[in-house]
Amino acid sequence: MPMIHMTVNGKAVKGHAEPRTLLVEFIRDTLRLTGTHVGCDTSQCGACVVHVDGHAIKSCTTLAVACEGAHVTTIEGLAHGTDLHPMQEAFREHHGLQCGYCTPGMIMSAVDMVNRKGHELSEHTIREELEGNICRCTGYHNIVKAVAAGAKAMQGMAKAAE
Amino acid sequence: MYEFDYHRPGTLDAAVKLAGEADAKILAGGHTLIPTLKQRLAAPKLLVDLHAVRELQGVHLKDGQLVIGAMTTHAHVADSALVKAHLPGLAALAAGIGDPHVRHRGTIGGSVANNDPAADYPSAVLALNATIITNKRSIKADDFFKGMFETALAEGEIITHFSFPAGIKSGYAKFPNPASRYALVGVYVAQHGSDARVAVTGAGANGVFRASTLEAALKGNFSAAALEGKSVPADGINSDMHADAAYRAHLIGVMARRAVAAAH
Ligand SMILES: Cc1cc2nc3c(=O)[nH]c(=O)nc-3n(C[C@H](O)[C@H](O)[C@H](O)COP(=O)(O)OP(=O)(O)OC[C@H]3O[C@@H](n4cnc5c(N)ncnc54)[C@H](O)[C@@H]3O)c2cc1C
Ligand code: FES
Ligand code: FES
């Protein structure tokens, strides 16, 4: 089995994987980072969204071997110790989750959305951009509110870091 | 998934050699191929991943043609300043494929090679009269699409680029299936001098096709008004659980008018 190397949440990692091993399987089963979920395994629900080289992708529809040398960020890579990332905090504050199954993918998608579209996101933009993320609990309303608030709060984060 | 070997060659020559091996399959964005492998509907021995072949990526303007590498992602085409300036309809089409995550991985080459009867890109390639460039030859769009999931590509032949005429007026409108975002009906219209080409996806029982009655109506008068009352016969149009042939045929007229209205 090939040995695969990646940088995951800032740390160099390696592990064996068959060519047919999915990125999500490598993340969950080999690296034991179980925050990334599998909701459908048919590329529709977005529970498995992670960032690869800075872009949100569905890790159930990507081979682990294809990410050799890549920089991967999972939901575990957002918080600093016990300080939640502003987008995580916004989901908590605005009740953007019920069972929480879809939440890691929602948050990774939301952060990617802010990276591409900025901090002022209209409700319409957020709803369009969440096309690839399915939630069976919330009815989306509070997710949309959380993303809008989290996007604004991330601006503060960028300023604080300067 | 069944087992397979995997290679990520760094040059086109190496990729062509590997793709020529028995039961090899090209891997682009994987957003059609990986779901197919998961369902065990295909069992290649070898996947040849094109991501490391640099020359297959990106958009360039050359001699009045917009040249797009086969491995260029939908997100890249949607955001490209060159595509937005010279073929805004094509950028808008790419921006409407699937969802952001699909657009970050899926490629124009994979979409056109796959020729899904509900995919968006084939309509643009056909209406814009693009040329499909492979490792072996150049193929005109009219000779490329051969019916559902069928193309003129030979076994192991790799699409390297697409060449689109830059700066002509064109537009796209799709009625997406609300669940999958694939086209229930999508229509791409393009003005070629006093002629027009109109290509329809999502509706044809044989995949993408040109709507000759609509092309005739737009000849010399490229306006939504010229399409008023014009329709496409329901023969040869798909019927399935999502929409019957009569409804799809009606939608073709509606989407064609919207596409012309959106064209610039
Ligand atoms: C949830 C979801 C929603 C989607 N929604 C839409 C939509 O709204 N509209 C739409 O059009 N599509 C949609 N798609 C499909 C998506 O656009 C795919 O990315 C695309 O159809 C295939 O491109 P790919 O790069 O992923 O190719 P792959 O899956 O890697 O390959 C597809 C096929 O093409 C062959 N191939 C790939 N590249 C080449 C090449 N350069 N030369 C020769 N052969 C090649 C492969 O061998 C394979 O047979 C959706 C997909 C998903 C998962
Ligand atoms: S598990 Fe990947 S999209 Fe649902
Ligand atoms: S909170 Fe339960 S699926 Fe979204």
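Calculation rules
Per-chain numbering applies: the sequence of each chain, read as written, is numbered from 1 onward. Chains and ligands are labelled by the order in which they are written, letters from A for the one and numbers from 1 for the other. Two thresholds apply to this predicted model, a pLDDT of at least 70 for residue-level local features and 80 or more for giving and counting side-chain atom pairs, whereas whole-chain, interface and lining totals are computed over all residues. Labels follow the DSSP assignment, with helices taken as runs of H or I lasting at least four residues and strands as runs of E lasting at least two, numbered in each case from the N terminus. Contacts are defined on C-beta atoms placed from the backbone: any two residues whose C-beta positions lie within 7 Å are in contact. Any residue whose C-beta atom, as set from the backbone, lies within 6 Å of a molecule or strand is reported as near that molecule or strand. In this classification, Asp, Glu, Lys and Arg are treated as charged, Ala, Val, Leu, Ile, Met, Phe, Trp, Tyr, Cys and Pro as nonpolar, and every other residue, Gly included, as polar. Working definition: the nonpolar core is a set of buried Ala, Val, Leu, Ile, Met, Phe, Trp, Tyr and Cys residues, joined through C-beta atoms within 7 Å. We call a residue exposed when 12 or fewer other C-beta atoms sit within 10 Å of its C-beta, buried when the count reaches 20 or more, and partly exposed for counts in between; the C-beta positions come from the backbone.

Mind laying out the overall build of chain B, listing which residues take part and the relevant values?
Scanning chain B from N- to C-terminus turns up eleven helices and twelve strands. The principal-axis extent of the C-alpha atoms belonging to chain B is close to 55 × 45 × 30 Å. Looking at chain B alone, contacts between residues at least 24 apart form 60% of all its contacts between residues at least 6 apart.

Give me the site of ligand 1: which residues, what numbers.
If you check the shell around ligand 1, you find 33 residues, and the closest are Gly29(B), Gly98(B), Gly106(B), Gly109(B) and Gly110(B). Close to ligand 1, residues of chains A and B are found. Counting residues per element, the ones that place at least two in the shell around ligand 1 are strand E2 (24-27) and helix H7 (108-114) of chain B. With five residues, H7(B) is the largest single contributor of residues to the shell around ligand 1. Here the residues of the shell around ligand 1 sort into 15 nonpolar, 14 polar and four charged.

Which residues make up the environment of Gly54(A), and what values go with them?
With respect to the secondary-structure elements, Gly54(A) resides in the loop between strand E3 (49-52) and strand E4 (55-58). Distance from Gly54(A) to Asn115(A), taken between C-alpha atoms, is 8.9 Å for residues 61 residues apart in sequence.

Report on the nonpolar core, specifying residues and quantitative values.
Val187(B), Val189(B), Val198(B) and Ile252(B) are the most contacted members of the largest nonpolar core, which has 81 residues in total. Ignoring any residue separated from it by four or fewer positions in sequence, one finds Ile252(B) in contact with Val185(B), Val187(B), Val200(B), Ala203(B), Ala211(B) and Val232(B). With 48 residues, the next largest nonpolar core counts Val50(A), Leu63(A), Cys67(A) and Val72(A) among its residues.

Any details on the interface of chain B and chain A? Residues and values, ideally.
Each side of the interface is counted separately: chain B has 20 residues, and chain A has 21 residues. Contributing elements (two or more residues each) for the side of chain B that touches chain A: strand E1 (5-7), helix H2 (33-38), strand E3 (46-49) and helix H6 (100-105) of chain B. Here the element with the most residues in the side of chain B that touches chain A is H6(B); it accounts for five residues. Residue classes in the side of chain B that touches chain A are distributed as eight nonpolar, six polar and six charged.

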